[in-house]
Protein chains: 2
Amino acid sequence: MAVEVVYRSSWDPERLFMDKAEADRHDKMLELADALASALQRAVPSLSEQQAEEAGIFMARHRDQFAKAFKQNLEALAEVGEPAETD
Amino acid sequence: MAVEVVYRSSWDPERLFMDKAEADRHDKMLELADALASALQRAVPSLSEQQAEEAGIFMARHRDQFAKAFKQNLEALAEVGEPAETD
């Protein structure tokens with residue numbers, strides 16, 4: 001058989017990628033999600049770690065729409081909002 | 001006495017401003033906070049309205065840092081994070 005190259009993010013070692021660019025995107029998304037989650041938990045102490053993580057992942061997954069919203073294009077947020085995918 | 005012009009945002013009628021531009025900024029911040037809060041509540045159903053509102057206000061107050069974070073400049077978030085001011 002042959003040795004194959006597989007890529008994964010250290011944030012999420014179970015998830016393997018054949019394509020490096022895709023692994024990079026996943027890694028960046030999780031890094032952003034983590035930074036957002038910790039900022040939210042510092043600011044809203046009543047948030048559980050789980051809630052902060054879910055919110056962080058959700059925003060990181062929809063980063064383009066949130067970036068637009070922060071430029072006061074609030075309609076961008078209307079498109080997002082189904083419960084955070086668990087995959 | 002004289003009649004004075006005072007400005008306020010319909011989002012926060014108790015808060016009065018002598019300066020229209022300041023009232024506009026406050027109004028925009030609260031509008032963004034509200035849009036963020038509803039997006040978060042749709043995505044993280046376990047969030048209470050109060051938690052979503054606090055998170056929304058916090059992010060809207062620090063919109064510049066969050067806008068940078070969404071461009072993957074995560075250090076921008078390190079500066080923010082004290083519990084949401086209640087004023």
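Below is a summary of the structure that appears in this document.

Cut-off values and rules
Residues numbered from 1 in each chain as written. Chains lettered and ligands numbered in written order. Predicted model: local features only at pLDDT ≥ 70, side-chain atom pairs only at ≥ 80, totals over all residues. Heavy atoms only, no water. Salt bridge = Lys/Arg side-chain N within 4 Å of Asp/Glu carboxyl O. Helix = DSSP H or I, 4+ residues; strand = E, 2+ residues; numbered from the N terminus. Contact = heavy atoms within 4.5 Å. Polar contact = N/O pair within 3.5 Å; in protein donor to acceptor, adjacent residues only side chain to side chain. Buried area = accessible area lost by both parts, 1.4 Å probe. Nonpolar A, V, L, I, M, F, W, Y, C, P; charged D, E, K, R; others polar. Least-squares fit on C-alpha atoms with pLDDT ≥ 70 in both. Expected span 1.5 Å × (residues − 1). Buried < 20%, exposed > 50% of the residue type's maximum accessible area, 1.4 Å probe, protein only.

### Some details on the pattern of salt bridges
Residue and element names in this part refer to chain A. By the definition in use, this model includes two salt bridges over all chains. As a salt-bridge pair, K20 and D24 come within 3.0 Å of each other at their nearest N and O atoms. Here K20 pairs with D24, and both are found in helix α1 (residues 20–43), just four residues apart, close to one helical turn.

### Concerning the environment of Q41 of chain A
Residue and element names in this part refer to chain A. Within the secondary structure, Q41 sits in helix α1. C-alpha of Q41 to C-alpha of E53: the two residues are 12 residues apart in sequence and 9.1 Å apart in space. When neighbours within four sequence positions are excluded, Q41 is seen to be in contact with L47, S48, E49 and A52. One polar contact links the side chain of Q41 to the main-chain carbonyl oxygen of L47, over a distance of 3.5 Å.

### Structural notes on the interface of chain B and chain A
Each partner contributes to the interface: chain B provides 33 residues, whereas chain A provides 33 residues. Where chain B abuts chain A, roughly 3,000 Å² becomes buried across the two surfaces, and 67% of that area is made up of carbon and sulfur atoms. By the criterion of area lost to chain A, the three top residues of chain B are R42, F70 and Q72 of chain B, representing 23% of everything that side buries. The tally of links between chain B and chain A comes to zero salt bridges. Here chain B and chain A share 15 residue pairs in polar contact (both at pLDDT 80 or more) between them. Elements supplying a minimum of two residues to the side of chain B that touches chain A: α1 (20–43), α2 (49–61), α3 (63–69) and α4 (75–78) of chain B. With nine residues, the top contributor of residues to the side of chain B that touches chain A is α1 of chain B. The class makeup of the residues in the side of chain B that touches chain A is 22 nonpolar, four polar and seven charged.

### A short note on the relation of the copies chain B and chain A
Overlaying chain B with chain A gives an RMSD of 0.0 Å, the required rotation being 180° about an axis along which the chain moves by 0.0 Å. Such values leave the two copies arranged in the relation of a two-fold axis. Relative to the rotation axis, the C-alpha of A67 of chain B is the closest in chain B, positioned 2.8 Å from it.

### Observations regarding α2 of chain B
For α2 of chain B, spanning 13 residues, the distance from its first C-alpha to its last is 18 Å, which sits close to the expected 18 Å at 1.5 Å a residue. Listing the buried residues of α2 of chain B in full gives Q51, A52, A55, G56, F58, M59 and A60 of chain B. Tucked inside the fold, the buried residues of α2 of chain B contact α1 and α2 (49–61) of chain A together with α1 and α3 of chain B.

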